[in-house]
Amino acid sequence: QVQLVESGGGLVQAGGSLRLSCAASGSILSINVLGWYRQAPGKQRELVAAITSGGIDTYADSVKGRFTISRDNPKSTVYLQMNSLKPEDTAIYYCNLRNIATGGSYWGQGTQVTVSS
């Protein structure tokens, strides 16, 4: 099993910044993908950004140039630096880990991000 604990959400004004963190523990295989997803009220959960254990990252078009994902492999932690936040970024943000060899996918409890206009 894998446990994921997120932190760093909160309320911020439009144009501001937040940094999310997610610490993973448990059965983490060496080849994995850590990602951030978000779900706004009435909408489906969507991928925000993801990064492989080898450091390859990908972003949703809506956050490119504003958000940066990074990871610290020894600490099994992934970060999401969010700059130039917009009201439409308001959502619950979830951390996800996917173990490539087993296909196992694990979710954190989510952290609320609210951007006021």
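Let me begin by describing the structure that accompanies this report. (Residues numbered from 1 in each chain as written. Predicted model: local features only at pLDDT ≥ 70, side-chain atom pairs only at ≥ 80, totals over all residues. Heavy atoms only, no water.)

**Considerations on the state of the cysteines**
Working step 1: Summed over all chains, the structure comprises one disulfide.
Working step 2: The disulfide bridge from cysteine 22 ends at cysteine 95, spanning 2.1 Å between sulfur atoms. Between cysteine 22 and cysteine 95, the S-S torsion sits near -85°, and that sign places the bridge as left-handed. Taken together, the positions of cysteine 22 in strand S3 (residues 18-26) and cysteine 95 in strand S9 (residues 91-99) put the pair 73 residues apart, joining distant regions of the chain. Taken individually, cysteine 22 and cysteine 95 each receive the classification buried, so the pair is uniform in this respect. (Disulfide = S-S within 2.5 Å. Helix = DSSP H or I, 4+ residues; strand = E, 2+ residues; numbered from the N terminus. Buried < 20%, exposed > 50% of the residue type's maximum accessible area, 1.4 Å probe, protein only.)

**Here we look at the side chain of threonine 77**
Working step 1: Following the sequence through the fold, threonine 77 ends up in strand S8 (residues 77-82).
Working step 2: Residue threonine 77 is classed as buried on the basis of its relative accessible area of 9%.
Working step 3: Among the polar contacts made by the side chain of threonine 77, one reaches the main-chain carbonyl oxygen of lysine 75 at a distance of 2.9 Å.
Working step 4: Excluding residues that lie within four positions of it along the chain, threonine 77 makes contacts with Cys22, Ala23, Ser70, Arg71 and Asp72. (Polar contact = N/O pair within 3.5 Å; in protein donor to acceptor, adjacent residues only side chain to side chain. Contact = heavy atoms within 4.5 Å.)

**A few points about the pairing of S9**
Working step 1: The buried fraction of S9 amounts to seven of the nine residues, a majority that puts the element mostly inside the structure.
Working step 2: Sheet analysis places S9 next to strand S11 (residues 111-116), joined by three bridges and oriented antiparallel. For alanine 91, the partnering residue across the bridge sits in S11 and is valine 113.
Working step 3: As judged from the three bridges shared by S9 and strand S10 (residues 105-107), these two strands associate in the antiparallel manner. By the bridge assignment for S10, leucine 97 is matched with tyrosine 106.
Working step 4: Count of turn residues in the S9/S10 antiparallel hairpin: five residues, of which glycine 103 carries a positive phi of about 80°. (Pairing = 2+ DSSP bridges.)

**So, the nonpolar core**
Working step 1: Core analysis: the largest hydrophobic core is formed by 29 residues, its most contacted members being Trp36, Leu80, Met82 and Tyr93.
Working step 2: Elements with a minimum of two residues in this core: strand S1 (2-7), S3, strand S4 (32-39), strand S5 (46-52), strand S7 (67-72), S8, S9 and S11. (Core = buried A, V, L, I, M, F, W, Y, C linked by side-chain atoms within 4.5 Å.)

**Considering the environment of leucine 85**
Working step 1: Topologically, leucine 85 is positioned in the loop between S8 and S9.
Working step 2: A relative accessible area of 2% means that leucine 85 is categorised as buried.
Working step 3: Along the chain, leucine 85 and alanine 14 lie 71 residues apart, while their C-alpha atoms are 5.3 Å from each other.
Working step 4: Not counting residues within four places of it along the chain, the set of residues in contact with leucine 85 comprises Val12, Ala14, Gly15, Gly16, Ser17, Leu18, Arg66, Phe67 and Val115.

**Structural notes on the pattern of salt bridges**
Working step 1: Going through the model one piece at a time under the given rule, you end up with four salt bridges.
Working step 2: Of the charged contacts in the structure, one is a salt bridge between aspartate 89 and arginine 38, with a shortest N-O distance of 2.9 Å. Here arginine 38 lies in strand S4 and aspartate 89 lies in the loop between S8 and S9, a separation of 51 residues in the sequence. The pair formed by aspartate 89 and arginine 38 is uniform in burial state, with each residue classed as buried.
Working step 3: Between aspartate 89 and arginine 66 there is a salt bridge; the shortest N-O distance is 2.8 Å. Residue aspartate 89 is located in the loop between S8 and S9, and its partner arginine 66 is located in the loop between strand S6 (57-59) and S7; the two are separated by 23 residues in the primary sequence.
Working step 4: For aspartate 89, a relative accessible area of 0% gives the class buried. (Salt bridge = Lys/Arg side-chain N within 4 Å of Asp/Glu carboxyl O.)

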